[in-house]
Amino acid sequence: QVQLVESGGGLVQPGGSLTLSCATSRSIVSFNVMGWYRQAPGKQRELVAIISNGGGTNYADSVKGRFTISRDNAKNTMYLQMNSLKPEDTAVYYCNAYTVWTSDWGQGTQVTVSS
């Protein structure tokens, strides 16, 4: 089973920025799709952004123009650059790695947007 380790969460003021990282225990190119999801208290987990093996990306409407997903194949790491953060972005953010046979999750990292 692949290990996914998220980092980079924390407390930030509204309008601020954070960059999340997801380090994988095996070659990142082995995954068909990788993505970031989030879960706020009392809500279901939701898709934030995904990136395919070919580099194609897709974003939730709520984060379009503010968040950027990327990956570094040499470092086996995926990133989520988050700008113009809003209080409603507060959630635990999870990394996901998907193949046609498996779907693995990280442990999550807390992002809190508050003044």
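As a reminder, the structure under discussion sits directly above these lines.
Residues numbered from 1 in each chain as written. Predicted model: local features only at pLDDT ≥ 70, side-chain atom pairs only at ≥ 80, totals over all residues. Heavy atoms only, no water.

Visitor: Would you mind going over the overall build of the protein in detail, with residue names and values included?
Guide: Counting secondary structure elements, the protein contains 0 helices and 11 strands. Going residue by residue from the N terminus, the α and β elements of the protein occur as β-β-β-β-β-β-β-β-β-β-β. A compact globule built from 115 residues should have a C-alpha radius of gyration of about 13 Å, and the protein, at 13 Å, falls within 12% of that. In terms of overall dimensions, the protein has C-alpha extents of about 40 × 25 × 25 Å along its principal axes. Residues counted as buried form 40% of the 115 residues belonging to the protein. Residue pairs in contact within the protein that sit at least 24 positions apart in sequence constitute 53% of those at least 6 positions apart. Accessible surface computed for the protein: about 5,900 Å², of which carbon and sulfur atoms make up 49%. (Helix = DSSP H or I, 4+ residues; strand = E, 2+ residues; numbered from the N terminus. Rg over C-alpha atoms; globule rule 2.2 N^0.38 Å. Buried < 20%, exposed > 50% of the residue type's maximum accessible area, 1.4 Å probe, protein only. Contact = heavy atoms within 4.5 Å. Areas by Shrake-Rupley, 256 points an atom, 1.4 Å probe, with all protein chains shown as cover.)

Visitor: So, the packing of aromatic side chains: which residues are in play, and what are the values?
Guide: Inspection of every chain in the model, using the stated rule, returns 1 aromatic pair. Residues Y37 and W105 carry aromatic rings whose centres are separated by 5.0 Å and whose planes lie at 65° to one another, so their mutual orientation is edge-to-face. Placement of Y37 in strand 4 (residues 33-39) and of W105 in strand 10 (residues 103-105) is noted, with a sequence separation of 68 residues between them. Its guanidinium or amino end placed over the ring of Y94, R45 lies 3.7 Å from that ring's centre, counting from NZ or CZ. Above the face of the W105 ring, R45 is positioned so that its terminal group lies 4.6 Å from the ring centre. (Phe/Tyr/Trp six-rings, centres within 6.5 Å; stacked < 30°, edge-to-face > 60°. Lys NZ or Arg CZ within 6 Å of the ring centre and 35° of its normal.)

Visitor: Break down the state of the cysteines for me, with residues and values.
Guide: Enumeration according to the criterion identifies 1 disulfide in this entry. A disulfide bridge connects C22 with C95, and the sulfur atoms are separated by 2.0 Å. What sets the handedness of the C22 and C95 disulfide is the S-S torsion sign, and at about -65° it is left-handed. Placement of the pair is C22 in strand 3 (residues 18-24) and C95 in strand 9 (residues 91-98), with a sequence separation of 73 residues. Across this residue pair, the class does not change: C22 and C95 are buried. (Disulfide = S-S within 2.5 Å.)

Visitor: Give me the nonpolar core: which residues, what numbers.
Guide: Formed by 29 residues in total, the largest nonpolar core has its most connected members in M34, W36, M78, L80, M82 and Y93. In terms of residue count, strand 9 provides more of this core than any other element does, 4 residues in total. The contact partners of Y93, leaving out residues within four places of it in the chain, are E6, L20, W36, Y37, R38, V48, F67, L80, M82, G108, T109 and V111. (Core = buried A, V, L, I, M, F, W, Y, C linked by side-chain atoms within 4.5 Å.)

Visitor: I'd like a rundown of the sheet that holds strand 1 (residues 4-7), residues and numbers included.
Guide: Ordered in space as 1-3-8-7, the 4 strands form an open sheet in which the pairing is antiparallel. Pairing within the sheet leaves two strands with one partner each, and these edge strands are strand 1 and strand 7 (67-72). The average angle at which neighbouring strand axes cross in this sheet is 15°, direction not considered. Alignment of strand 1 against strand 3, held across 4 bridges, turns out to be antiparallel. Bridge pairing in strand 3 links S7 to S21. (Pairing = 2+ DSSP bridges. Axes fitted to C-alpha atoms, helices over the stretch in contact; angles between N-to-C directions.)

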